[in-house]
Amino acid sequence: MKGYISEGFVSIQGEGELAGKPQFFLRFAGCSTKCKFCDTKYAWKRKKNFTILLPPEKKKFKNPVDPFEIVDFLNSKRSEIPGSIAITGGEPLEQMEFLEALIKNLKNFEILLETNGLHPEIKGELINLINIFSVDIKLPSFAGKKVDYSIHEAFLKKLRSSGAKGYIKIVYTKKTEEKEIKRALKLVEGCGISWNVYLQPTSPLLVKKGLKFIEGKLFPFHLRILPQVHKILNLK
């Protein structure tokens, strides 16, 4: 099977548990959720070509691409890129078979999967190939529409039952209300997930708003507030 990629590049992880860690980012193309405040809307569209940028080299590929074409390229560059790969989107789990074939054949890389947490059909075999999950809990104020939390719940329970490791990310905006955060945290608690929960503002200027959420005693979760570090550093 072939799949669609938007881009590939090396940068610093700016979100969640691995913030500050150098990673190779492989961004999948296509996302049916289309959140209102998404910062990578360009990756919603599946284009005819994409580029993997490893300065000074630029490697161009055609979409849809064979997973082994990417695998062979990345494995050949193992000594030149970070040993940790962030698979992001778009939404990678909308191309599950392609994703599994790709990850299964990468050699000696740590795999972080960034997902919207809305694909409970994920199989245990794929879960076991991923070292760290970064799972979004979508708030209506961020998504710009109603969110079916039963799907989030089914996804998180699937990860828990498979022994997956990761963290939860909740992106909030200036319009986000405390009751939205509480509802999301209650969902996580009900799934038996004990991962760290990161409140991520859409702008660094909203950090104080996040502090007010924590002052409101939104516990017993391991809450942390973390703006997108890569944007503060003006990185991709």
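Just above sits the structure.
None of these values were measured; they are calculated from a predicted model.

(A) Structural context of the overall build of the protein chain. In terms of regular secondary structure, the protein chain is built from eight helices and ten strands. The C-alpha atoms of the protein chain give a radius of gyration of 17 Å, which matches the 18 Å a tight globule of 236 residues would have. Taken along the three principal axes of its C-alpha coordinates, the protein chain extends 50 × 40 × 30 Å. Within the protein chain, the fraction of its 236 residues that count as buried is 53%. Restricting to contacts in the protein chain with at least 6 residues of sequence separation, those with at least 24 account for 70%. Of the accessible surface of the protein chain, which amounts to about 11,400 Å², a share of 52% is contributed by carbon and sulfur atoms. Of the side chains in the protein chain, 40 bear a positive and 25 a negative charge, and the two mean positions are spaced by 5 Å.

(B) Looking closely at the side chain of threonine 88. Inspection of the secondary structure assignment puts threonine 88 in strand β5 (residues 84–88). Accessibility expressed as a relative area gives 7% for threonine 88, which makes it buried. A polar atom in the side chain of threonine 88 sits 2.7 Å from the side chain of glutamate 114. The contact partners of threonine 88, leaving out residues within four places of it in the chain, are Phe25, Leu26, Arg27, Phe28 and Glu114.

(C) Expanded view of the sheet that holds strand β3 (residues 49–54). The ten strands are arranged β4-β3-β1-β2-β5-β6-β7-β8-β9-β10 in an open sheet whose pairing can be described as mixed. Every interior strand has two partners, whereas the edge strands, β4 (57–62) and β10 (223–225), have only one. Neighbour to neighbour, the strand axes of the sheet diverge by 20° on average, direction disregarded. As defined by bridge partners, strand β7 (residues 132–136) adjoins strand β8 (residues 166–172) across four bridges and the pair is classed as parallel. Each residue of the ladder has a partner; that of aspartate 136, found in β8, is lysine 169. Running over the sheet, helix α5 (residues 149–161) touches β6 (110–115), β7 and β8 and is turned about 165° from β7.

Thresholds applied
Residues numbered from 1 in each chain as written. Predicted model: local features only at pLDDT ≥ 70, side-chain atom pairs only at ≥ 80, totals over all residues. Heavy atoms only, no water. Helix = DSSP H or I, 4+ residues; strand = E, 2+ residues; numbered from the N terminus. Rg over C-alpha atoms; globule rule 2.2 N^0.38 Å. Buried < 20%, exposed > 50% of the residue type's maximum accessible area, 1.4 Å probe, protein only. Contact = heavy atoms within 4.5 Å. Areas by Shrake-Rupley, 256 points an atom, 1.4 Å probe, with all protein chains shown as cover. Lys, Arg positive; Asp, Glu negative; His and termini not counted. Charge placed at Lys NZ, Arg CZ, Asp CG, Glu CD. Polar contact = N/O pair within 3.5 Å; in protein donor to acceptor, adjacent residues only side chain to side chain. Pairing = 2+ DSSP bridges. Axes fitted to C-alpha atoms, helices over the stretch in contact; angles between N-to-C directions.

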